[in-house]
Amino acid sequence: MSPRLSHSAALILKALSLGYCFGFEIMEVTGLPSGTVYPSLRRLERDKLVDSHWESDADAEARGRPSRRYHIITVAGKAANLAAADRYPLLSRPLPEKSA
Amino acid sequence: MKPLSCSTLPPADRTLLRYGQRLVPGSNREEWLRHWHAELCHLRSRASIGGRQNLALGLLLDAVWLRKESWRRNLSGSASLCLTLLASLLPMAALPVFMLAGNLKAFAAFIESSAPSFVCGSLPIVIASLFTSQISVERRGLPVRSRIKACIFHVCKIALLVPLTFLLSFDLLAPLHPFTSFPAFLLQSSLFAVLALIALRWAILDCSLRCKHCLRSLAEPVRVGRPSRNFLEWNGFELLCTEGHGMLSIPEIESSSCSASRWFPGNRV
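Residues numbered from 1 in each chain as written. Chains lettered and ligands numbered in written order. Predicted model: local features only at pLDDT ≥ 70, side-chain atom pairs only at ≥ 80, totals over all residues.

Draft legend 1. Looking closely at the overall build of chain A. What chain A contains, in helices and strands, is 5 helices and 2 strands. Traced from its N-terminal end to its C-terminal end, chain A shows the element sequence α-α-α-β-α-β-α. For chain A, the residues scored as buried account for 36% of the 100 residues in total. (Helix = DSSP H or I, 4+ residues; strand = E, 2+ residues; numbered from the N terminus. Buried ≥ 20, exposed ≤ 12 C-beta atoms within 10 Å, placed from the backbone.)

Following this line, the structure appears as structure tokens:
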């Protein structure tokens with residue numbers, strides 16, 4: 001059974017499912033404040049709806065910045081995202097898909 | 001992991017990180033610093049959203065969330081949480097009696113007058129429930145320290161539960177007291193016996209389903225074997241300690257090879 005998500009958590013999950021994978025991007029695309037996005041990402045990760053990994057040091061060095069922490073949606077997260085779409089019809093409002 | 005350096009960040013960000021990290025538990029601190037260092041560096045390279053103040057709230061709330069989560073993990077199912085909850089219920093159960101008494105002096109007089117009936121009533125109940133309890137766990141190989149800790153926990157729990165049920169029985173029958181003193185006393189004694197027996201049964205069951213090392217409630221119950229009463233089949237439940245101290249195996253039926261629940265320490269699981 002998919003866990004019941006708050007509206008903001010569902011919105012974050014939707015952004016992740018569209019390919020936005022770090023906190024800053026999610027803030028930008030959802031319009032949610034950082035005080036909501038970062039604790040929500042932690043909660044989603046604790047509930048195993050989201051997984052995270054660090055960018056390799058070599059990649060980060062090549063781009064001249066510190067390594068970032070990326071978040072990806074898990075299989076359970078995808079199921080929760082679908083369930084949340086039924087619960088929150090406003091979530092069907094399209095978010096722009098991330099350009100490659 | 002590369003060593004962390006905050007030298008590239010402006011002083012305001014470095015101050016934010018320095019104070020924010022104090023909120024983060026030690027085990028998460030390095031990762032948290034690395035994460036927020038990267039986020040703050042990224043903010044400086046982009047001017048499209050928010051502002052430093054906006055990200056500062058996220059940084060602080062992230063640190064607070066980690067601290068809160070660490071407390072939740074440490075406390076959930078722990079023996080200290082169980083005892084704290086029971087201890088906090090005691091004054092709540094005493095409050096209606098105190099209100100009925102009207103003042104502290106009358107309340108103290110009530111406690112004094114109830115003490116003999118409390119002692120006489122509770123002792124047989126405690127002894128009866130301890131001797132009639134059939135729940136047993138093989139504790140061979142457990143260190144003496146763990147046994148003493150478990151014993152202290154059992155005693156403290158019983159010591160809190162018995163007065164709690166005594167006060168609760170008074171609270172439930174409080175409206176009867178001013179009118180029918182003697183029948184109310186009999187009714188209250190019976191209710192106390194029933195409540196205390198239920199509470200002590202729960203206490204014994206709860207103690208048997210706790211880790212034998214850290215006394216944390218065991219989690220993730222898993223059924224082993226098919227639901228059956230077949231003597232030759234191995235059926236039962238297995239529960240794990242979330243801290244990895246061991247596993248409790250509870251057989252569904254008693255047999256000569258396995259008459260009681262068995263505790264398997266972590267290195268044998």
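Draft legend 2. Geometry of the overall build of chain B. From N to C terminus, chain B includes 7 helices and 5 strands. Each helix (α) and strand (β) of chain B, taken in turn from the N terminus, gives the series α-α-α-α-α-β-α-α-β-β-β-β. Here chain B, with 269 residues, has 22% of them falling under the buried criterion. Sequence-distant contacts, at least 24 apart, represent 58% of the contacts inside chain B between residues at least 6 apart. (Contact = placed C-beta atoms within 7 Å.)

Draft legend 3. Structural detail: helix α2 (residues 23-30) of chain A. The buried count for α2 of chain A comes to 6 of 8 residues, which makes it a mostly enclosed element. What α2 of chain A keeps buried is the set Gly 23, Phe 24, Glu 25, Ile 26, Met 27 and Val 29 of chain A. As for α2 of chain A, its buried residues are in contact with α1 (7-17) and α3 (34-46) of chain A together with α2 (26-45) of chain B.

Draft legend 4. Representation of the interface of chain B and chain A. Contacts between the two partners involve 18 residues from chain B, matched on the other side by 18 residues from chain A. Examining the composition of the side of chain B that touches chain A, we find that 8 residues originate from one element, helix α3 (residues 52-75) of chain B, more than from any other. Its residues placed into classes, the side of chain B that touches chain A shows 7 nonpolar, 7 polar and 4 charged. (Nonpolar A, V, L, I, M, F, W, Y, C, P; charged D, E, K, R; others polar.)

Draft legend 5. Inspection of the environment of Leu 172 of chain B at higher detail. Residue and element names in this part refer to chain B. Position of Leu 172 relative to the elements: it lies in helix α6 (residues 144-173). You can call Leu 172 partly exposed: it has 15 C-beta atoms within 10 Å. Distance in space between the C-alpha atoms of Leu 172 and Leu 191 is 9.0 Å, their sequence separation being 19 residues.

Draft legend 6. Looking closely at the nonpolar core. With 24 residues, the main nonpolar core has Ile 12, Leu 13, Ala 15, Leu 16, Ile 26, Val 37 and Leu 44 of chain A as its most contacted residues. Elements supplying a minimum of two residues to this core: α1, α2, α3 and α5 (75-87) of chain A. Broken down by element, this core gets its largest block of residues, 7 residues, from α1 of chain A. Discounting chain neighbours no more than four positions away, the residues touching Ala 15 of chain A are Tyr 20, Ile 26, Val 29, Thr 30 and Leu 95 of chain A. Residues Leu 161, Leu 164, Phe 192 and Leu 200 of chain B belong to the second largest nonpolar core, which totals 17 residues. (Core = buried A, V, L, I, M, F, W, Y, C linked by C-beta atoms within 7 Å.)

Draft legend 7. Structural context of the packing of helix α5 (residues 104-132) of chain B against helix α7 (residues 181-208) of chain B. Residues and elements named next belong to chain B. In contact at an axis separation of 10 Å, α5 and α7 are set at 40° when each is read in the N-to-C sense. With respect to each other, α5 and α7 are oriented oblique. Every pair of crossing elements has a handedness; the one defined by α5 and α7 is right-handed. Residue-level contacts link Ser 117, Gly 121, Ser 122, Ile 125, Val 126 and Ser 129 of α5 to Ser 189, Phe 192, Ala 193, Ala 196, Leu 197, Leu 200, Arg 201 and Ile 204 of α7. By residue class, the composition of the contact of α5 with α7 is 8 nonpolar, 5 polar and 1 charged. (Axes fitted to C-alpha atoms, helices over the stretch in contact; angles between N-to-C directions. Parallel < 35°, antiparallel > 145°, perpendicular 65-115°, else oblique. Left-handed = near helix turned anticlockwise from the far one by under 90°.)

Draft legend 8. Structural detail: the environment of Leu 191 of chain B. Residues and elements named next belong to chain B. Residue position: Leu 191 is located in helix α7. When the 17 C-beta atoms within 10 Å are taken as the criterion, Leu 191 is described as partly exposed. Other than its neighbours up to four places away in sequence, Leu 191 contacts Ser 169, Leu 172 and Leu 173.

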